[in-house]
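As a plain string of letters, each chain reads:
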Amino acid sequence: MASLDVMNPATAQVLGQAADSGPEETASAVAAAKAAQIPWAQLPARERGKRVAIAARAAAEQVELIAQVLARETGKAIRTECRGEVTVAADILEFYGNLGSELKGQTIPYNPRMLTMTAREPLGVVAAIVPWNVPLVLMALKIGPALVAGNTVVVKSSEEAPFATYLMAEILMQHLPAGVLNVVNGTGATCGNALTTHPDIAKITFTGSEAVGEAIYKIGASRIIPVSLELGGKSPMIVCEDADLGKAVAGAISGMRFTRQGQSCTAASRIYVHETLLEPFMEQLGAALNKLVIGDPLDEATDVGTIINARQAATINRYVAMAEETEGATVQRFGELPRDEGLSPDLFLQPTILSGLADDHPCVLQEIFGPVAVVKGWSDYEAVIEQANGTHYGLAASVWTKSLSTALDSTARLNAGYVQVNQNLTIQPNVSYGGFGRSGLGKEASLEAMLEHFTRSKTIVINFD
Ligand code: NAD
């Protein structure tokens, strides 16, 4: 079988070779999933759920092993990111494993002498395509609800970071019937395309970039199959005059996912701070960012690792250069870059704050997907809500205030699928998550997500009259 080199971004060395699945290998994974689907769907729903939960617990027992692989292939720090990611992925699977008995239909009062009801049915074989930034959590959000609902799945891992995905899936597979869960790896153009266009795929669930999401949506439309999309974001964070400053600064750092090098779709990358707090906010933010240790992802002392690859680092650097060339703009970089022998210097970037940019600057409107946030002062509440809603994204937003009326008003008016007040958390099991606008279609992480996106509702009318 053909293979692709996978790099360790921290060392710029080849980490290993992963499968480069072409159309034939992809078709054989779909065939295995198709053969396994009806027997899997015929198991009682709770039984499927129990098996998924057992598989999830087995994966949770291997946190260290999977996290070591994840850190090497993604460049994310093992302590601040990778162990937590494995644990959260297993938790999401266990959460779904407990939802088997919620796959309920309804009875309908159509005619007292007839039984009229709806039943939730699986869709068939699901194609689940994941990116490299949080591959395990994003895989779990797809395979958990798909499998518990009675579908079988072919996961397409990211060619940039396939090993931890495969390792976790392999552990899960040991607790599931053969063919229920399958993984293919390869480029989007060959493997991804072979998967999404395969006639036996009944549903596509995709997390990744806007451009690829749009192309996949068109493929789904041409075949009239459901598609869920989790795409990019440029999430605003509004710090009000009455906010708890310390909590807002900590929330900006965690919300911007600086310890993930900002490589997060929900990154709080536009931070609007009330002008009365702007100076102390910037001082505290700078002091806290300076304390983050940038370095070897495998070192327990490291907070911040590397960018995934040179292409992504070049994109981030281009945006920062654009800000540097803008009149009136300020670019502030924090923390020390590592100088250790053996670490590739180019993929380590400092947390960076841009200010003094106009609302229509590309750094304000576009997703940078790196450790770069825009900070801006505000004084007019109406104007800041308008600025917050001023991109074509709508993934997440947060508001920092002690006022309930500001919290209620702003959360109602912000155009985002996931709006938080006084916190900036990432995906939580049982809390529906998904974007508006060009950030995507559909929900993940909840019962609603499983019922709406991984089942179909059949209406049955029984007449013995
Ligand atoms: P990407 O779109 O380049 O790739 C994502 C996956 O799609 C990869 O597995 C890739 O191989 C595959 N792919 C690429 N072209 C394809 C095609 N034509 N057909 C089928 N599959 C194809 O994205 P990326 O660079 O890996 O990830 C970063 C992006 O993901 C960012 O834009 C980020 O905002 C987004 N993201 C969104 C969320 C969310 O929940 N909304 C979460 C994480 C990342």
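Residues numbered from 1 in each chain as written. Predicted model: local features only at pLDDT ≥ 70, side-chain atom pairs only at ≥ 80, totals over all residues. Heavy atoms only, no water.

Caption draft 1: Spatial organisation of the pattern of salt bridges. Tallying each qualifying case throughout the model produces 22 salt bridges. Residue Glu159 pairs with Lys156 through a salt bridge whose shortest N-O separation is 3.3 Å. Residue classification places Lys156 among the buried positions, given a relative accessible area of 3%. Across the salt bridge formed by Asp409 and Arg413, the nearest N and O atoms sit 3.0 Å from each other. Of the two residues, Asp409 and Arg413 are both situated in helix H14 (residues 404–413); the distance of four residues between them amounts to about one turn of the helix. Judged by relative accessible area, which is 29%, Asp409 ranks as partly exposed. Salt bridges sharing common partners tie together Glu210, Glu214, Lys218 and Arg438. (Salt bridge = Lys/Arg side-chain N within 4 Å of Asp/Glu carboxyl O. Buried < 20%, exposed > 50% of the residue type's maximum accessible area, 1.4 Å probe, protein only. Helix = DSSP H or I, 4+ residues; strand = E, 2+ residues; numbered from the N terminus.)

Caption draft 2: Local environment of the sheet that holds strand S14 (residues 396–400). With respect to topology, seven strands assemble into an open sheet ordered S11-S12-S13-S10-S9-S14-S15, the strand pairing being mixed. Two strands lie at the open edges of the sheet, namely strand S11 (330–333) and strand S15 (418–421), each paired on one side alone. Sheet twist, expressed as the mean angle between neighbouring strand axes with direction ignored, is 20 degrees. Summarising the sheet, strand S9 (residues 236–239) and S14 pair through three bridges and their orientation is parallel. Looking at S14, one finds that Ile238 is bridged to Val399. Packed onto the sheet, helix H9 (residues 245–255) meets S9, strand S10 (270–274) and S14 and runs at close to 170 degrees relative to S9. Those strands touched by helix H11 (residues 310–324) are S11, strand S12 (352–355) and strand S13 (372–378), and its axis lies near 135 degrees from that of S11. (Pairing = 2+ DSSP bridges. Axes fitted to C-alpha atoms, helices over the stretch in contact; angles between N-to-C directions. Contact = heavy atoms within 4.5 Å.)

Caption draft 3: Molecular detail of the domain arrangement of the protein chain. Taken as a whole, the protein chain is organised into domain 1 (3–231 + 439–463) and domain 2 (236–428). Computed from C-alpha atoms alone, the centre-to-centre distance between domain 1 and domain 2 is 30 Å. Contact with domain 1, which involves 29 residues of that partner, is made by 33 residues of domain 2. Of the roughly 2,500 Å² buried at the junction of domain 1 and domain 2 (both faces included), carbon and sulfur atoms supply 53%. Here domain 1 and domain 2 share four salt bridges between them. (Domains from an automatic or database assignment. Buried area = accessible area lost by both parts, 1.4 Å probe.)

Caption draft 4: View of the UniProt feature "domain: Aldehyde dehydrogenase" (unreviewed entry) in the protein chain. In the numbering adopted here, UniProt assigns the feature "domain: Aldehyde dehydrogenase" (unreviewed entry) to residues 4–460. Between the C-alpha atoms that bound residues 4–460 the distance is 49 Å, and the span itself is 40% helix and 19% strand. (UniProt positions renumbered as here; feature names shortened; annotations may be inferred.)

Caption draft 5: Representation of the site of the ligand. As a matter of local geometry, the ligand sits amid 27 residues, with Lys156, Glu159, Ser209, Leu231 and Glu367 nearest to it. Val130 places a main-chain nitrogen or oxygen 2.8 Å from an oxygen atom of the ligand. Look at the ligand: alone it shows 850 Å² of surface, and the protein chains cover 87% of it. It is helix H7 (residues 188–196) that provides the largest number of residues to the shell around the ligand, a total of three residues. Here the shell around the ligand gathers at least three residues from each of two domains, domain 1 (3–231 + 439–463) and domain 2 (236–428). (Near = heavy atom within 4 Å. Polar contact = N/O pair within 3.5 Å; in protein donor to acceptor, adjacent residues only side chain to side chain. Areas by Shrake-Rupley, 256 points an atom, 1.4 Å probe, with all protein chains shown as cover.)

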